[in-house]
Amino acid sequence: MKIALYPGSFDPITMGHLDIIKRISSIFDTIIVGVINNPNKKCLFSLEKRKEMIVNVLKVENLLKKISVDSFDGLLIDYSRKKNINVVIRGLRATSDFEYELNLSLMNKELYPKLETFFLMAATQYSFISSNLIKEVFDFGGDISKYVSPIVLEELRKIKK
Ligand code: ADP
């Protein structure tokens, strides 16, 4: 059984994240989308809401059979060890992602040598989007419907009201 962990803040899940999830779903037997509970990072959505949105988006895509959604605090390597995960998935958008991701994967490898990080290049049409940019554009009234699921759009609208 090949289990892969796709970790992130997912504040909120975007089409870029979903594209990565879809692409890895045909490669690994089981995927855990791991929402990081990092008290040092200020998120717009609560941990529970971020998880709920991911579950609902994956349900619509009929992807919940082999994908589960979980959350974890603390180090990714501790969670991976506990769950017997040897593969972590990360997405790369631009060269600006590279340096951070390189250091992160090297540090994780140092702390837990069995862990491999696999990188997927972002799809062209989503390569410039991030959860932060989506929230900013939405805040100023821009159309983000191409970049998030209607489920996420609805949640953003609820917060803005
Ligand atoms: P984090 O705070 O850990 O970076 P994010 O939710 O921002 O969490 O991102 C989770 C993962 O998804 C990261 O590997 C990030 O590079 C990747 N990612 C984010 N946006 C996109 C996108 N538009 N296309 C592909 N990968 C993406």
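As the structure is a prediction and not an experimental result, all values here were calculated from the model. Along each chain, the written sequence defines residue order, and numbers are assigned to residues from 1. With the structure being a predicted model, the display of local features is reserved for residues of pLDDT at least 70 and the display and counting of side-chain atom pairs for 80 or more, all residues being used for whole-chain, interface and lining totals. Only hydrogens and water are set aside; all other atoms, that is, all heavy atoms of the structure, feed into the side-chain values.

### A word on the overall build of the protein chain
Counting from the N terminus, the helices are DSSP H or I runs at least four residues long and the strands are E runs at least two residues long. Counting its regular elements, the protein chain contains six helices and five strands. The linear arrangement of helices and strands in the protein chain, starting from the amino end, is β-α-β-α-β-α-β-α-β-α-α. As defined in this context, the radius of gyration uses C-alpha atoms, and a globule is described by 2.2 Å times the residue total to the power 0.38. Here the C-alpha atoms of the protein chain give a radius of gyration of 15 Å, agreeing with the 15 Å that 2.2 N^0.38 yields for 161 residues. Along the three orthogonal principal directions, the C-alpha set of the protein chain runs to about 45 × 35 × 30 Å. Three exposure classes are used, based on accessible area relative to the maximum for each residue type with a 1.4 Å probe and protein chains only: buried under 20%, partly exposed in between, and exposed over 50%. Counting all 161 residues of the protein chain, 45% fall into the buried class. Every residue pair with non-hydrogen atoms within 4.5 Å of one another is taken to be in contact. In the protein chain, the share of contacts with a sequence separation of at least 24, taken over all contacts with a separation of at least 6, comes to 73%. Where accessible areas are quoted, they stem from the Shrake-Rupley method and a 1.4 Å probe; at the residue level, only the protein chains shown are allowed to cover. Counting only carbon and sulfur atoms, one obtains 55% of the accessible surface of the protein chain, whose full area is about 9,200 Å². In summary, the charge assignment counts Lys and Arg as positive and Asp and Glu as negative, without counting His or the chain termini. Charge positions are represented by NZ for Lys, CZ for Arg, CG for Asp and CD for Glu. Averaging the positions of the 24 positive and the 19 negative side-chain charges in the protein chain gives two centres separated by 4 Å.

### Comments concerning the site of the ligand
In this text, near means that some heavy atom of the residue lies within 4 Å of the molecule or strand in question. In the vicinity of the ligand there are 16 residues, among which Tyr6, Ser9, Lys41, Gly91 and Tyr126 approach most closely. Relative to its unbound accessible area of 540 Å², the ligand is 91% covered by the protein chains. For the shell around the ligand, the secondary-structure elements that each account for two or more residues are strand S1 (3-8), helix H1 (15-25) and strand S4 (87-92). In this count, Pro and Cys sit with the nonpolar residues alongside Ala, Val, Leu, Ile, Met, Phe, Trp and Tyr, while Asp, Glu, Lys and Arg are called charged and the others, Gly among them, polar. For the shell around the ligand, the class distribution of residues is seven nonpolar, five polar and four charged.

### Quick word on the side chain of serine 149
Position of serine 149 relative to the elements: it lies in the loop between helix H5 (131-139) and helix H6 (150-160). Polar contact is the term for a pair of N or O atoms within 3.5 Å; when the atoms are in protein, one must be able to donate a hydrogen and the other to accept it, and sequence-neighboring residues count only if both atoms are side-chain atoms. Polar contacts involving the side chain of serine 149 include one to the main-chain amide nitrogen of isoleucine 151, which spans 3.0 Å. Setting aside anything within four residues of it in sequence, one finds serine 149 in contact with Met15 and Val57.

### Some points on the packing of helix H2 (residues 47-60) against H6
The axes used here are C-alpha line fits, helices contributing only the stretch in contact, and every angle between their N-to-C directions lies in the interval 0 to 180 degrees. At a minimum axis distance of 9 Å, the contact between H2 and H6 shows a crossing angle of 150 degrees. Looking at the two axes, H2 sits roughly antiparallel to H6. Packed against H2, whose contacting residues are Lys49, Glu52, Met53, Asn56, Val57 and Val60, the element H6 presents Ile151, Val152 and Glu155 at the interface. Residue composition of the contact of H2 with H6, grouped by class: five nonpolar, one polar and three charged. We call two directions roughly parallel when the angle between them is under 35 degrees, roughly antiparallel when it is over 145, roughly perpendicular when it lies between 65 and 115, and oblique otherwise.

### Some remarks on the nonpolar core
Judged by nonpolar contacts, the single largest core of 36 residues is most densely connected at Ile21, Val33, Ile54, Leu58 and Ile89. Those elements that place two or more of their residues in this core are S1, H1, strand S2 (30-36), H2, strand S3 (67-72), S4, H5 and H6. Sequence-distant contacts of leucine 58, that is, excluding residues within four places in its chain, are made with Leu18, Ile21, Val33, Leu63, Leu64, Ile67 and Val69. One finds Leu5, Phe72, Val88 and Tyr112 within the second-largest nonpolar core, a separate group that totals ten residues. In these notes, a set of buried Ala, Val, Leu, Ile, Met, Phe, Trp, Tyr and Cys residues joined through side-chain atoms within 4.5 Å is what counts as a nonpolar core.

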